[in-house]
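# Observations on chain architecture
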Amino acid sequence: MLRNRRNWGAVALIAAAIAITLIFTNSSDENIGEPWGFHRDIEAMDVCRTEILTVVADTIDIFISTIGEGFLGGAVRELGISGGQYLATCHVLMDSLGWTVQRTGDTLTAVYCRGELTELRAYPGNRRGFYRIAYSNGDPSLSEYVPQERWIRQRAVSCEVSTTVWAALWDTALPPDLTESGLLVTCRDSSRAVGYISELQRALTDRLFVYDIDFYYDVRVGDSLWILIEENRYPMDGETGFRRILAAKYQFAYGGIAEAFPFFHRPEEAAPAEIILDHYHRDGASLRTMFLKMPVPFGRISSGYSSSRMHPVLGYTRAHRGIDYASPLGTEIYAVGDGTITVRSWCGGYGNMVRVRHANGYETGYGHMNGYASGQSVGSYVRQGEIIGYVGSTGLSTGPHVHFEMKRNGSYVNPATEIMPPADPLDGEELERFLAEMPVIEAQWSMLAGMDLPIPEVEIEPEAAAEEPVE
C-alpha cells in the first residue's frame with residue numbers, strides 16, 4: 001500500500017511539473033513562428049542576381065585587350081574603337097598622358113554603356129596605377145593618370161660579401177613584406193624579388209658608387225655593405241617596392257670605406273618647389289662627375305665621332321659630330337648630366353630629339369628617339385640619370401639607336417675624349433647645413449640598423465700631433 005502511494009506521488013509530481021511548464025511557456029506560434037525558409041530566400045536572391053546581370057548585360061559591355069608583339073594601335077582596335085574615336089584615343093594616351101612606350105603584357109579595358117564607349121583604362125605593367133579616359137558623346141572629355149595609394153618608409157640593410165654584391169643583396173636586402181604572403185610563391189613573386197634587387201644593385205653600382213668603386217675588380221670576399229633604403233609600401237595589395245638609396249657605406253676587407261650621404265637642396269635652374277636629392281662624400285665633395293659616360297644603360301657604338309663619314313642613308317660623306325649607340329627599340333635614354341631641356345621636338349634628320357643645356361657652357365643632344373619621357377617639356381629641369389626618352393629609329397636612320405652629341409661653348413666636342421669636369425662640391429651655407437645634418441642621419445641610420453656604423457679613421461697630420469699637449 002505504501003509502495004503504491006509513493007508511485008502515485010511521483011506520477012503526480014511529474015504531472016504538476018508538466019502543467020507548470022505548459023502554463024508559463026508561450027505557444028510555439030507566438031514565440032518562434034514558422035521555421036526560417038532560407039531556401040526560399042536563396043532562391044529569391046538567385047532570381048534577383050540573374051535579373052541584375054540581365055540588365056547589366058543589356059546596358060554595359062566590358063572589353064579587354066592585351067598588347068602583344070604589336071603596338072598600342074592594334075590593342076585599341078581590338079576594343080572596337082575605330083575612326084575618329086580611335087585617333088583621339090591614341091592621341092590622348094600618347095601625347096596628353098605621355099604613354100609613349102608600351103610593353104608586352106600591358107592591358108587596356110573599355111567600358112561601353114548601351115553600345116556607347118564611356119571609359120577606357122590602360123594598365124602599364126611597369127607602373128603602379130593606370131591611365132583613365134572618360135568619354136562624353138563619344139569624344140574624350142577627361143584624361144588622367146591614377147596612381148595607386150602608397151606610403152614611404154626607410155629600412156636599413158647590412159650584409160657581407162661572400163661571392164658577389166648581387167648575391168649578398170639577394171640574401172639580406174629583400175624586405176620581409178615584399179609580397180602579400182611574405183613568401184616567394186608565384187612566378188610574379190619571384191619576378192618582383194629579382195626586380196627589387198636589380199633596381200637596388202643598379203642604384204648602388206651604376207649610379208651611387210660608379211665613380212668610386214670598380215665592382216669588377218675592387219670587390220673582395222669579406223667586404224661589408226650598409227645601405228639606408230627608401231621604399232614604397234602599397235597597402236592595397238600588401239606589397240613593397242624599391243624607391244631609392246638614401247645613404248650607403250662600403251667597407252673594403254683590405255681597408256678603407258667609401259661613403260655616400262644624402263643632401264636635399266634646390267638647384268638654381270630647378271623649379272621653385274622642386275627639391276633634389278644628391279649624394280656627397282663626408283667632406284661635401286660630390287660623388288659624381290658632371291656627365292655620365294653614355295646616355296644608354298647598355299649598347300654598342302655603331303658610329304663614332306668623325307669629321308668625315310659616309311652617311312648610311314644620304315650616300316655621301318659628311319661630318320658626324322656625335323656618337324651613335326645602337327640599342328634595342330624602346331631602351332631608356334638618360335640625361336648624362338643635370339640641366340634644362342631646351343629642345344623637345346622633331347628636328348629633321350635627327351627625328352625626335354631632345355637637347356639639354358648644362359652648366360659651364362655645355363649642351364647635349366639626343367636624336368632618333370622613339371618617344372619622349374612623360375611629365376617633361378621645354379624648360380623642365382632634369383637630373384643626371386633621369387629618363388628623357390626612348391631609343392628609336394626616327395629621322396634619317398637605318399636602325400634603332402640614339403645619336404648622342406655634345407657642345408662646349410657652342411662648338412661640337414667628342415664626348416669620348418672630352419675630359420669631364422667633376423660635379424660642383426657643396427660650399428658656404430649648404431656645406432654648413434650638410435655637415436650639421438650628417439651626424440643626425442648617421443644616428444638615425446645606426447638606430448634602424450641596430451648597430452654602430454663604421455666611420456673612417458681621420459689621419460692626424462704630424463704638425464697637429466706635435467701641438468697636442470702632453471700629460
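Residues numbered from 1 in each chain as written. Predicted model: local features only at pLDDT ≥ 70, side-chain atom pairs only at ≥ 80, totals over all residues. Heavy atoms only, no water.

### Quick word on the sheet that holds strand 1 (residues 60–66)
Note: strands within a sheet are paired through backbone hydrogen bonds, in either parallel or antiparallel orientation. Taking strand neighbours across the sheet as the criterion, the five strands line up as 1-2-3-4-5 in an open arrangement whose pairing is antiparallel. Every interior strand has two partners, whereas the edge strands, strand 1 and strand 5 (139–147), have only one. Sheet twist, expressed as the average angle between the axes of neighbouring strands with direction ignored, equals 15°. Summarising the sheet, strand 4 (residues 129–136) and strand 5 pair through eight bridges and their orientation is antiparallel. By the bridge assignment for strand 5, Y135 is matched with P140. Running at roughly 145° to strand 4, helix 5 (residues 83–96) makes contact with strand 3 (116–123), strand 4 and strand 5 of the sheet. (Pairing = 2+ DSSP bridges. Helix = DSSP H or I, 4+ residues; strand = E, 2+ residues; numbered from the N terminus. Axes fitted to C-alpha atoms, helices over the stretch in contact; angles between N-to-C directions. Contact = heavy atoms within 4.5 Å.)

### What to know about helix 5
The end-to-end C-alpha separation of helix 5 is 19 Å, in line with the 20 Å expected for 14 residues at 1.5 Å each. Check the buried side of helix 5 and you find it contacts helix 4 (72–78), strand 3, strand 4 and strand 5. A positive backbone phi angle near 75° is found at G98, which sits one or two residues after helix 5. (Expected span 1.5 Å × (residues − 1).)

### Side note on the confidence of the model for the protein
When pLDDT is averaged along the protein, the result is 83, and 83% of the positions lie at 70 or above. Ranking the helices and strands of the protein by mean pLDDT puts strand 17 (residues 352–357) first, with 95, and helix 2 (residues 28–31) last, with 47. Here residues 28–32 scores under 50 on pLDDT; set against residues more than four positions off or in separate chains, the count is two contacts. (pLDDT = per-residue confidence, 0-100.)

### Looking at the pattern of salt bridges
Tallied over the entire structure, the rule returns 23 salt bridges. When the shortest N-O distance is used, the salt bridge between R121 and E119 registers 2.8 Å. Looking at R121, the relative accessible area reads 28%, which means it is partly exposed. Between R192 and E239 there is a salt bridge; the shortest N-O distance is 3.5 Å. Remark: E239 occurs in strand 8 (residues 239–251) and R192 occurs in helix 7 (residues 187–208); sequence separation between them is 47 residues. As far as the burial class goes, R192 and E239 line up, both buried. By sharing partners, the salt bridges in this structure join R153, R155, D177, E231 and R233 into a single network. (Salt bridge = Lys/Arg side-chain N within 4 Å of Asp/Glu carboxyl O. Buried < 20%, exposed > 50% of the residue type's maximum accessible area, 1.4 Å probe, protein only.)

### Description of the pairing of strand 8
Counting buried positions along strand 8 yields ten of 13 residues, so the element is predominantly enclosed. With antiparallel pairing between neighbouring strands as the criterion, strand 7 (residues 224–234) and strand 8 make up a hairpin whose turn holds four residues, including G238 at a positive phi of roughly 65°. The sheet contact formed by strand 8 and strand 9 (residues 257–265) spans four bridges and is antiparallel. Residue pairing in the sheet places Y250 in a bridge with A258 of strand 9. Turn length for the strand 8-strand 9 hairpin, with the two strands adjacent in sequence and antiparallel, is five residues, and the turn residue G255 shows positive phi of about 110°.

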